[in-house]
Amino acid sequence: MQSAVQPAAAPPSGPSLRDIHLPRDPAWWPPAPGWWMLAALMLLALLVGTWRWRRYRRAQHQRQQVLLELDQLELRCRRDGDSVALASGLHQLLRRVARRHDALATKQRGDAWRQTLARMPVDAATLDILLALDQQIYRPPVSFDHAAAVAAVRQWLRWALKPATWKRTTVVRTDA
């Protein structure tokens, strides 16, 4: 058998080189500035969303409370038959809701009160029924259409409890 003799390896003539190596992976903390900005924007969006949701829920709760009070007034009138108390309760409910949007609504009478009520998009017949409530309080007990009055107040309240539906008032100044 023939043996193959291999010649001895020649000593390297330069420095010993290692294979190509990659730098270590970047650390996950602290994140890059872009991630901080994204986190801040998401937190801001969460806070704004929470604030708007709570405001919406509070408005819905107040709206339900007002409509529940309207239902209770109607039931009390059916049970007791007191039309003056119904007219008074409906009128007070209208004033309280109108006061939320116009601080002077509690003191208005006549044409000023009509203009405040007319800021809602209701028809003239509904507006006349609402204005008649003011006279029903001070008259001796006479019959009036309870169902129409409650329906008119309910229609007006549905619009009035949505703040975006209120028309801005215009103040006319006369310099005399």
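Residues numbered from 1 in each chain as written. Predicted model: local features only at pLDDT ≥ 70, side-chain atom pairs only at ≥ 80, totals over all residues. Heavy atoms only, no water.

Topic: the overall build of the protein
Part 1 of the reasoning: Along its length, the protein carries five helices and zero strands.
Part 2 of the reasoning: Of the regular secondary structure in the protein, the N- to C-terminal order runs α-α-α-α-α.
Part 3 of the reasoning: Long-range contacts, defined here as pairs at least 24 residues apart, represent 62% of the contacts in the protein between residues at least 6 apart.
Part 4 of the reasoning: Summed over its atoms, the accessible surface of the protein is roughly 14000 Å², and 58% of this surface lies on carbon and sulfur atoms. (Helix = DSSP H or I, 4+ residues; strand = E, 2+ residues; numbered from the N terminus. Contact = heavy atoms within 4.5 Å. Areas by Shrake-Rupley, 256 points an atom, 1.4 Å probe, with all protein chains shown as cover.)

As for the packing of helix α2 (residues 83-99) against helix α5 (residues 146-160)
Part 1 of the reasoning: Their axes nearest at 11 Å, the elements α2 and α5 cross at an angle of 10 degrees. Considering their axes alone, α2 and α5 lie roughly parallel with respect to each other. Of the residues in α5, those touching α2 at S83, L86, L90, L93, L94, V97 and A98 are H146, A149, V150, V153, W156, L157 and A160.
Part 2 of the reasoning: Of the residues in the contact of α2 with α5, the class split is twelve nonpolar, two polar and no charged. (Axes fitted to C-alpha atoms, helices over the stretch in contact; angles between N-to-C directions. Parallel < 35°, antiparallel > 145°, perpendicular 65-115°, else oblique. Nonpolar A, V, L, I, M, F, W, Y, C, P; charged D, E, K, R; others polar.)

A look at the confidence of the model for the protein
For residues with low pLDDT, the predicted coordinates do not support detailed interpretation.
Part 1 of the reasoning: When pLDDT is averaged along the protein, the result is 85, and 84% of the positions lie at 70 or above.
Part 2 of the reasoning: With pLDDT under 50 throughout, residues 172-176 is counted as low confidence; its partners more than four residues away or in other chains account for zero contacts. (pLDDT = per-residue confidence, 0-100.)

A closer look at a positive patch on the surface
Part 1 of the reasoning: On the surface, R52, R54, R55 and R58 cluster together into a positively charged patch.
Part 2 of the reasoning: Checked against the element boundaries, R58 lands in helix α1 (residues 33-80). (Patch = residues over 30% accessible without salt bridge, like charges linked within 9 Å, V, L, I, M, F, W, Y side chains within 5 Å. Salt bridge = Lys/Arg side-chain N within 4 Å of Asp/Glu carboxyl O. Lys, Arg positive; Asp, Glu negative; His and termini not counted. Charge placed at Lys NZ, Arg CZ, Asp CG, Glu CD.)

Description of the pattern of salt bridges
Part 1 of the reasoning: According to the stated counting rule, one finds seven salt bridges in the structure shown.
Part 2 of the reasoning: Between R154 and E74 there is a salt bridge, and its shortest N-O distance comes to 3.7 Å. With a gap of 80 residues between them, R154 in helix α5 and E74 in helix α1 connect regions that are remote in the sequence. The same class applies to R154 and to E74, which are both buried.
Part 3 of the reasoning: We note a salt bridge from D102 to R119, for which the minimum N-O separation is 3.7 Å. Here R119 lies in the loop between α3 (110-117) and α4 (124-138) and D102 lies in the loop between α2 and α3, a separation of 17 residues in the sequence.
Part 4 of the reasoning: Assessed through its relative accessible area of 15%, D102 is described here as buried.
Part 5 of the reasoning: Since its relative accessible area comes to 10%, R119 is described here as buried.
Part 6 of the reasoning: What you see here is one network of salt bridges that share partners, running through D71, E74, R78 and R154. (Buried < 20%, exposed > 50% of the residue type's maximum accessible area, 1.4 Å probe, protein only.)

Digging into the nonpolar core
Part 1 of the reasoning: Counting residues in hydrophobic clusters, the biggest one holds 30 residues, and the most contacted among them are L90, L130, L133, V153, W156 and L157.
Part 2 of the reasoning: Those elements that provide at least two residues to this core are α1, α2, α3, α4 and α5. (Core = buried A, V, L, I, M, F, W, Y, C linked by side-chain atoms within 4.5 Å.)

Digging into the side chain of H91
Part 1 of the reasoning: Mapped onto the secondary structure, H91 falls in helix α2.
Part 2 of the reasoning: Within the structure, the side chain of H91 is placed 3.4 Å from the side chain of D134, a separation counted as a polar contact.
Part 3 of the reasoning: Once residues within four sequence positions are removed from consideration, H91 is found in contact with W113, L133, D134 and I137. (Polar contact = N/O pair within 3.5 Å; in protein donor to acceptor, adjacent residues only side chain to side chain.)

Remarks on α1
Part 1 of the reasoning: Here α1 spans 70 Å end to end across 48 residues, near enough to the 70 Å set by a 1.5 Å rise per residue.
Part 2 of the reasoning: Within α1 the residues assigned to the buried category are R63, V66, L67, L70, L73, E74 and C77.
Part 3 of the reasoning: Those residues of α1 hidden inside the fold are in contact with α2 and α5.
Part 4 of the reasoning: The positive-phi residue at the C-terminal boundary of α1 is G81, with phi of around 75 degrees. (Expected span 1.5 Å × (residues − 1).)

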